[in-house]
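An overview of the molecular structure
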Amino acid sequence: QVQLVESGGGLVQAGGSLRLSCAASGSIFSSNAMGWYRHAPGKQRELVAFITRGGVTNYADAVKGRFTISRDFGKNTVYLQMNSLKPEDTAVYYCAAKGSSTWGTWGQGTQVTVSS
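This report concerns the structure included in the present document. Predicted, not measured: the structure shown is a model, and the values here were computed from it.

1. Digging into the overall build of the protein chain
Along its length, the protein chain carries zero helices and eleven strands. The principal-axis extent of the C-alpha atoms belonging to the protein chain is close to 40 × 25 × 25 Å. Across the 116 residues in the protein chain, those meeting the buried criterion constitute 42%. Contacts in the protein chain between residues at least 24 apart in sequence constitute 53% of all its contacts with a sequence separation of at least 6. Put simply, the protein chain shows about 5900 Å² of open surface, and 48% of that area lies on carbon and sulfur atoms. Looking at the protein chain, you have 11 positive and 6 negative side-chain charges, and the mean spots of the two groups are 5 Å apart.

Below, the structure written as structure tokens:
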């Protein structure tokens, strides 16, 4: 089973950028999709972006045009490039892998804090 470890979170001012990385212990190609969720205090967990095995990407409306998901099969790593960050992007960001039908594998999360 794939294990996921996120990195790259931190504190940034509004308008700044961060790149999150998700390193997988196994092949990310074995998953039907790789994605990034976020969970902010008092809010429901939200699917921010995902990329399918075939390379199709999808984004939440709140991040379209600002965030980009990508992957490197050689490094078994998925990235989330976050630009033009806003205070409302503050959350714990989780990397996840989708099996046949469910997002069944999760990382430990990385905190992103955007100051105004």
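2. Considering the nonpolar core
Side chains of nonpolar character tend, in soluble globular proteins, to be buried together. Counting residues in hydrophobic clusters, the biggest one holds 29 residues, and the most contacted among them are M34, W36, L80, M82 and Y93. Within the residue set of this core, elements represented by two or more residues are β3 (18-24), β4 (33-39), β5 (46-52), β7 (67-72), β8 (77-82), β9 (91-98) and β11 (110-115).

3. Notes on the packing of aromatic side chains
Throughout the structure, instances matching the rule amount to three aromatic pairs. Centroid distance Y37 to W103: 5.8 Å. Interplanar angle 80 degrees. Geometry classified as edge-to-face. Here Y37, found in strand β4, pairs with W103, found in strand β10 (residues 103-106); they are 66 residues apart in sequence, far enough to count as distant. The same class applies to Y37 and to W103, which are both buried.

4. Brief notes about the pattern of salt bridges
This structure, assessed with the given rule, holds four salt bridges. We note a salt bridge from D89 to R38, for which the minimum N-O separation is 2.9 Å. Taken together, the residues D89 in the loop between β8 and β9 and R38 in strand β4 connect sequence positions 51 residues apart. By relative accessible area, D89 is classed as buried at 1%. Linked through salt bridges whose partners overlap, the residues forming this network are R38, E46, R66 and D89.

5. Examining the sheet that holds β7
If you walk across this open sheet you meet the four strands as β1-β3-β8-β7, and the pairing is antiparallel. The open sheet has two edge strands with one neighbour each: β1 (4-7) and β7. On average, adjacent strands in this sheet sit at an angle of 15 degrees to one another, irrespective of strand direction. As judged from the six bridges shared by β7 and β8, these two strands associate in the antiparallel manner. Along β8, the bridge assignment pairs F67 with M82.

Definitions and limits used
- Residues numbered from 1 in each chain as written.
- Predicted model: local features only at pLDDT ≥ 70, side-chain atom pairs only at ≥ 80, totals over all residues.
- Heavy atoms only, no water.
- Helix = DSSP H or I, 4+ residues; strand = E, 2+ residues; numbered from the N terminus.
- Buried < 20%, exposed > 50% of the residue type's maximum accessible area, 1.4 Å probe, protein only.
- Contact = heavy atoms within 4.5 Å.
- Areas by Shrake-Rupley, 256 points an atom, 1.4 Å probe, with all protein chains shown as cover.
- Lys, Arg positive; Asp, Glu negative; His and termini not counted.
- Charge placed at Lys NZ, Arg CZ, Asp CG, Glu CD.
- Core = buried A, V, L, I, M, F, W, Y, C linked by side-chain atoms within 4.5 Å.
- Phe/Tyr/Trp six-rings, centres within 6.5 Å; stacked < 30°, edge-to-face > 60°.
- Salt bridge = Lys/Arg side-chain N within 4 Å of Asp/Glu carboxyl O.
- Pairing = 2+ DSSP bridges.
- Axes fitted to C-alpha atoms, helices over the stretch in contact; angles between N-to-C directions.

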